[in-house]
Amino acid sequence: MTLTSMLDAPQSPLRRFLAQEVPDVRRLRAAFRAALPPAAPVLGTQGTVLRWPLVGMAVDHRLRCAMRADVPRGRAVEAGAAVAESVLGTHPAAGRAVVRAVSQMLEELQRAAVHYKLDDRTRPVVRDQAVEERVARLCLGAAIAEEAFRCPDPANSLLVRSAHPGFGLEELLLLASEDEIRDVVSVIAAADRGLSALRAHAAPEQVVIAPTFEGSADVGGADGDWLVGGRLIDVKTTIHPGKLPLTDIYQLCGYALLDYHDAHRMTHLGWYSARPGAAIAWDEAEFFALLGARRPLPELRERTAHLLQQRRRAPTPTPQAGTTHSLPAAGTAKAATPPPATPARPTMVSWQEPDQDHPGQLLCGRALIHDTTAHPADITRLYTRAEIIDRWGTDSIHINPPDEQLAAWVQRFDLTTKDAMLRTIASLHSMAGTVGDVHGWGDWSLPVFEAACAGLFRWWTWRLQQLAEADRAEIDAQVRALDRWCWAIYDDREMEGARD
């Protein structure tokens, strides 16, 4: 189970530990917001939609070059190309073309970083317009490849959907829109001011990109964004820089705690908020004081190590009576050679159960099963949450019911229920036919999106009734402002031929 999934699950041991030991996130959030300058406007042509996850990853790649002109190889970008090649196994020529194009893109990005001395501390971050646009396009190409690695269903990733035997570097780079390129360039312009102190603090050779920690293996291989001369900095590329989600705070805190024996000699912890161009950090003592830490940092690290390593050492549960298992046939002297390992594929299942707080109402939702290799899932049936937990365990699932979706928006972004609904609708609308859910589980196909929309509005029925009449009208108006096929779902009408 990864650090991110541990922090996303309210009942995970690590999440409960952090809630108990560093309980005062509001003070840190308030201090962060107080230090933020105004953000640069989001660029885009009216009627177009920017793919924010790709833009964010591209900005991250470009900022890394400004800190250290060394493009990592063998990491998420090339892993994305390898995943795409695997998915395209029945079309090997297309898979090879993707790998070749991604490799050429990384080579050109490395050459550009060195040739233009993007990490030169004596020069501004920003180069001339033509250079920045080309580098932005290369970084967006890297983001498209990385998406294939991070997407739960790589077959739906942009890289795989675009692949063919003649796929090449320029075609990869043309997958980014002009609006996305302009937005990346605009965000980087703020780095001249925002990164000046960090760049002055540490020479390129003193910067570690994607640092790992002693306890990284205990949480699935976690790595941070930058370690700049002892300052651990996480990069935020969100279009809402004032929103500092609880999970972002716990993630940065978690990185510091995973450095069990202070091997990195961290002095400061903080964020670089890319759109306003602001590096905001506190020394370690002040950071944990703002969080209301109840113990000294060395003791918190010791307790974190004990918690996570105890979890890793936990024995596999013994089979219970009545549990069905696959056993060798009678008389078999030796187990058959197992087939080659296949990549774990997540599966979404549905659940439904009575709402204990509202008699007569049903709660229903979806659960992401991270790996169904050992215990296959039946996607045609309705489970209960208890059945899902019993079958796959709390460490390998992420239950995401509608009311918890709303609760996540409220908790992570300090929103009212109405505003959480509006934000969810906006998220659905902005991504149109390939919708990423609120936790960023990759791209959804249109049929999945149809089902999500239809369920979403059914799930909200009783919550809508609790809102004031004017607020209900606003929600209803926003729902009806969705694309034609979206509000056709809402009105439970035929899709009238709408397709991907």
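What you see is a predicted model, and the numbers here were worked out from it, not measured in a lab.

A. Looking closely at the overall build of the protein. Looking only at helices and strands, the protein features 22 helices and nine strands. Contacts in the protein between residues at least 24 apart in sequence constitute 70% of all its contacts with a sequence separation of at least 6. Approximately 24,000 Å² of the protein is accessible, and the part contributed by carbon and sulfur atoms is 53%.

B. Seen up close, the packing of aromatic side chains. All told, the structure shown has eight aromatic pairs when counted by the stated rule. When the ring of Trp 271 is compared with that of Phe 287, the centres are 6.2 Å apart and the planes differ by 45°; the resulting orientation is tilted. Note that Trp 271 is positioned in strand β4 (residues 268–273) and Phe 287 in helix α14 (residues 284–290), a separation of 16 residues in sequence. For the pair Trp 271 and Phe 287, one class covers both residues: buried. Pairing Trp 282 with Phe 287 gives two aromatic rings, centres 6.3 Å apart and planes at 45°, and the pair type is tilted. Both residues of the pair, Trp 282 and Phe 287, belong to the buried class.

C. Geometry of the environment of His 375. Looking at where His 375 falls in the secondary structure, it is placed in the loop between β7 (362–369) and β8 (382–383). Classification of His 375 by relative accessible area gives partly exposed; the value is 38%. Contact partners of His 375, with chain neighbours within four places excluded, come to Arg 391 and Trp 392.

D. Molecular detail of the environment of Glu 78. Within the fold, Glu 78 resides in helix α5 (residues 76–87). Contacts of Glu 78, omitting those with residues within four sequence positions, involve Arg 73 and Leu 106.

E. Geometry of the sheet that holds strand β5 (residues 278–283). In spatial order, the strands read β1-β2-β3-β4-β5; together these five strands make up an open sheet with mixed pairing. Each edge of the open sheet is held by one strand with a lone partner, namely β1 (207–209) and β5. Going from strand to strand, the sheet's axes swing by 20° on average, the running direction of each strand aside. Relative to strand β3 (residues 231–236), helix α13 (residues 246–258) is tilted by about 155°, and along the sheet it contacts β3 and β4.

F. A look at helix α4 (residues 52–67). Compared with the 22 Å implied by 1.5 Å per residue over 16 residues, the 23 Å span of α4 between its first and last C-alpha is a close match. Counting buried positions along α4 yields 14 of 16 residues, so the element is predominantly enclosed.

G. View of helix α10 (residues 178–189). Spanning twelve residues, α10 covers 17 Å between terminal C-alpha atoms, matching the ideal 16 Å at 1.5 Å per step. Of all the residues in α10, the buried ones are Asp 179, Glu 180, Ile 181, Asp 183, Val 184, Val 185, Val 187 and Ile 188.

H. Here's a closer look at the side chain of Asp 225. Inspection of the secondary structure puts Asp 225 in the loop between β1 and β2 (226–228). Here Asp 225 occupies a buried position and makes no salt bridge, while the nearest side chain of opposite charge, Arg 64, is found at 4.5 Å. A polar side-chain atom of Asp 225 sits 2.7 Å from the main-chain amide nitrogen of Val 235. Non-local contacts of Asp 225, meaning those with residues more than four positions away in its chain, are made with Arg 64, Val 208, Ile 209, Ala 210, Pro 211, Ile 233, Asp 234 and Val 235.

Reading the values: rules and limits
- All chains use their own residue numbering, which begins from 1 and follows the written sequence.
- For a predicted model such as this one, the threshold for reporting local features is a pLDDT of at least 70, and the threshold for listing and counting side-chain atom pairs is 80 or more; totals across whole chains, interfaces and linings nevertheless cover every residue.
- As a rule here, side-chain values cover all heavy atoms of the structure and leave hydrogens and water aside.
- Helical segments are the DSSP runs of H or I of at least four residues, strand segments are the runs of E of at least two, and each set is numbered from the N terminus.
- In this analysis, two residues are considered to be in contact whenever any of their non-hydrogen atoms come within 4.5 Å of each other.
- Only the protein chains shown count as cover for residues, and the accessible areas themselves come from Shrake-Rupley with a 1.4 Å probe.
- Note on ring pairs: Phe, Tyr and Trp rings are taken, using the six-membered ring of Trp, and paired if centres are within 6.5 Å. Classes follow the plane angle, with under 30 degrees stacked, over 60 edge-to-face and the rest tilted.
- Per-residue accessibility, obtained with a 1.4 Å probe over protein chains only, is compared with the maximum for each type, and a residue is labelled buried under 20%, exposed over 50%, and partly exposed between these values.
- If DSSP finds at least two bridges between two strands, the strands pair.
- Under this scheme, a helix contributes an axis fitted over its contacting stretch, all axes are lines through C-alpha atoms, and angles between N-to-C directions fall in the 0 to 180 degree range.
- In this scheme, a helix's expected span is set at 1.5 Å multiplied by one less than its residue total.
- Neither His nor the chain ends contribute to the count of charged residues, in which Lys and Arg are positive and Asp and Glu negative.
- In the sections that follow, a salt bridge refers to a side-chain nitrogen of Lys or Arg positioned within 4 Å of a carboxyl oxygen of Asp or Glu.
- N or O atoms closer than or at 3.5 Å make up a polar contact, with two conditions inside protein: a donor-capable atom paired with an acceptor-capable one, and, for residues adjacent in sequence, both atoms drawn from side chains.

Any functional reading would require information beyond the geometric quantities listed.
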